[in-house]
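If you want the building blocks of each chain, they are given just below.
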Amino acid sequence: MSDFEFIETTLMGSTALIELNRPRQLNSLNTKMIREILLAMEDFDRNDAVRVIVLTGKGRAFSAGADIDEMTDANPISLELLNQFTDWDRIAQVKKPIIGAVKGFVFGGGFELALCCDLLISSTDTEFSFPEVGLGVMPGAGGTQRLTKLVGRTKALQWLWSGERISAEVALAHGIINRIVAPELLMEETMKFAERLSKQPPLSVRLIKDSVNKAVDSSLYEGMQYERKNFYLLFATQDQKEGMNAFIEKRKPDYRGY
């Protein structure tokens, strides 16, 4: 349990669980909820005991999107003063791996939040959509950018212009999600994967994420130069010595995160 109003957080060994907690509203996102998600993620990112963050939603949906009641009377000046997307940008700066466990509706802002995760495990009943066009607006928290980088220009335009729903199977085929499981197994399988990931050397995991993110926005040559520096950096860690010695000695490594 936590002191947050719209989310719950739990530390389960080396895995931190964040649950969106507005099930009656299908976990619709308001500005305070996004701030709480950000603060929880940043706290776990600083916590040396945490190696993986899992994000999911209570109830029957991950998130049906933004809280429209909060946005109806907004205008450009009020949105500029609110500066809400700064919190979204900071979520993208979290260095530890974030695994999303998604189910039910993953719409609008909920889809954008899911795309902030590094990996997505989905239940078979999940549907994804960007329905903003039907409200006279468009995604504003990175949806047009992240979706396009994942699926390409023409497919992104099709889904963003139409607002059509995307099944879990289609999302898997287009690389939006990593795996599909039965609804009753979603959290069990997600936590199993998080546990396996938590046993990897933390600095290697962190710098792999850093390098892959760099690849998204760089030329091949720039990305390879960046990768090389991170590769060299890991040879200054005790975990590199432990991993290689364990391999030679035919034993399981004991990674400490430094």
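Anything mentioned here points back to the structure above.
Residues numbered from 1 in each chain as written. Predicted model: local features only at pLDDT ≥ 70, side-chain atom pairs only at ≥ 80, totals over all residues. Heavy atoms only, no water.

Student: Sorry, what's going on with the sheet that holds strand 1 (residues 7-12) here?
Tutor: One key point about sheets: their strands pair by backbone hydrogen bonds, in either a parallel or an antiparallel sense. In space, the six strands of this open sheet follow the order 1-2-3-4-6-9, with mixed pairing throughout. The open sheet has two free edges, formed respectively by strand 1 and strand 9 (179-181), since each of these has just one partner strand. Sheet twist, expressed as the average angle between the axes of neighbouring strands with direction ignored, equals 20°. The pairing of strand 2 (residues 15-20) with strand 3 (residues 52-57) spans six bridges and is classified as parallel. Along strand 3, the bridge assignment pairs Ala-16 with Ile-53. In the packing of helix 1 (residues 31-46) onto the sheet, the strands contacted are strand 1, strand 2, strand 3 and strand 4 (98-102), and the crossing angle to strand 2 comes to about 175°. (Pairing = 2+ DSSP bridges. Helix = DSSP H or I, 4+ residues; strand = E, 2+ residues; numbered from the N terminus. Axes fitted to C-alpha atoms, helices over the stretch in contact; angles between N-to-C directions. Contact = heavy atoms within 4.5 Å.)

Student: Which parts of the structure should I look at to understand the sheet that holds strand 5 (residues 105-107)?
Tutor: Within the open sheet, the three strands sit side by side as 5-7-8. Their pairing is mixed. Looking along the sheet, the strands with just one partner apiece sit at the ends: strand 5 and strand 8 (166-167). Taken together, the three bridges between strand 5 and strand 7 (residues 127-129) define a ladder with parallel strand orientation. Pairing of Phe-105 across the sheet is with Glu-127, part of strand 7.

Student: Would you take a moment to explain the nonpolar core for this structure?
Tutor: When a protein is soluble and globular, its nonpolar side chains tend to lie buried together. Counting residues in hydrophobic clusters, the biggest one holds 43 residues, and the most contacted among them are Leu-20, Ile-37, Phe-111, Leu-113, Leu-147 and Ile-176. Broken down by element, this core gets its largest block of residues, seven residues, from helix 1. Counting twelve residues, the second largest nonpolar core, distinct from the first, contains Ile-121, Leu-186, Leu-197 and Val-205. (Core = buried A, V, L, I, M, F, W, Y, C linked by side-chain atoms within 4.5 Å. Buried < 20%, exposed > 50% of the residue type's maximum accessible area, 1.4 Å probe, protein only.)

Student: Would you mind going over the pairing of strand 6 (residues 119-123) with me for this structure?
Tutor: Moving residue by residue along a regular strand, the side chains alternate between the two faces of the sheet. In terms of burial, strand 6 is largely enclosed, as four of its five residues are buried. Two elements, strand 4 and strand 6, share four bridges in a ladder whose sense is parallel. Looking across to strand 6, one finds that Gly-100 is bridged to Leu-120. By the bridge criterion, three bridges tie strand 6 to strand 9 in an arrangement that is parallel. Residue pairing for strand 9: Ser-122 is matched across the bridge by Ile-180.

Student: Please clarify how helix 12 (residues 238-249) should be interpreted in this entry.
Tutor: One turn of an α-helix holds 3.6 residues; hence residues three or four places apart share an orientation. The end-to-end C-alpha distance of helix 12, which contains twelve residues, comes to 16 Å, matching closely the 16 Å that a straight helix rising 1.5 Å per residue would cover. Along helix 12, the residues classified as buried are Asp-239, Gln-240, Glu-242, Gly-243 and Ala-246. Projection of helix 12 onto a plane perpendicular to its axis shows the buried side chains occupying an angular sector of 165°, all on one side. Looking at the buried residues of helix 12, the elements they touch are helix 10 (202-216) and helix 11 (220-234). Positive backbone phi, at 55°, marks Lys-250, one or two positions downstream of helix 12. (Expected span 1.5 Å × (residues − 1). Arc of directions from axis to C-beta.)

Student: Could you clarify how one ought to interpret the environment of Ala-114 in this entry?
Tutor: With respect to the element layout, Ala-114 can be found in helix 5 (residues 109-115). Considering only alpha carbons, one finds Ala-114 and Ile-176, 62 residues apart in sequence, at a separation of 9.5 Å.

Student: Please clarify how the packing of aromatic side chains should be interpreted in this entry.
Tutor: Two numbers describe a pair of aromatic rings. These are the distance of the centres and the angle of the planes. Scanning all chains against the criterion turns up five aromatic pairs. On the numbers, 5.4 Å between centres and 50° between planes, the contact of Phe-111 with Phe-128 is tilted. Of this pair, Phe-111 sits in helix 5 while Phe-128 is found in strand 7, placing the two residues 17 residues apart along the sequence. Grouping residues by exposure puts Phe-111 and Phe-128 together as buried. (Phe/Tyr/Trp six-rings, centres within 6.5 Å; stacked < 30°, edge-to-face > 60°.)

Keep in mind these numbers describe shape, not what the thing actually does.
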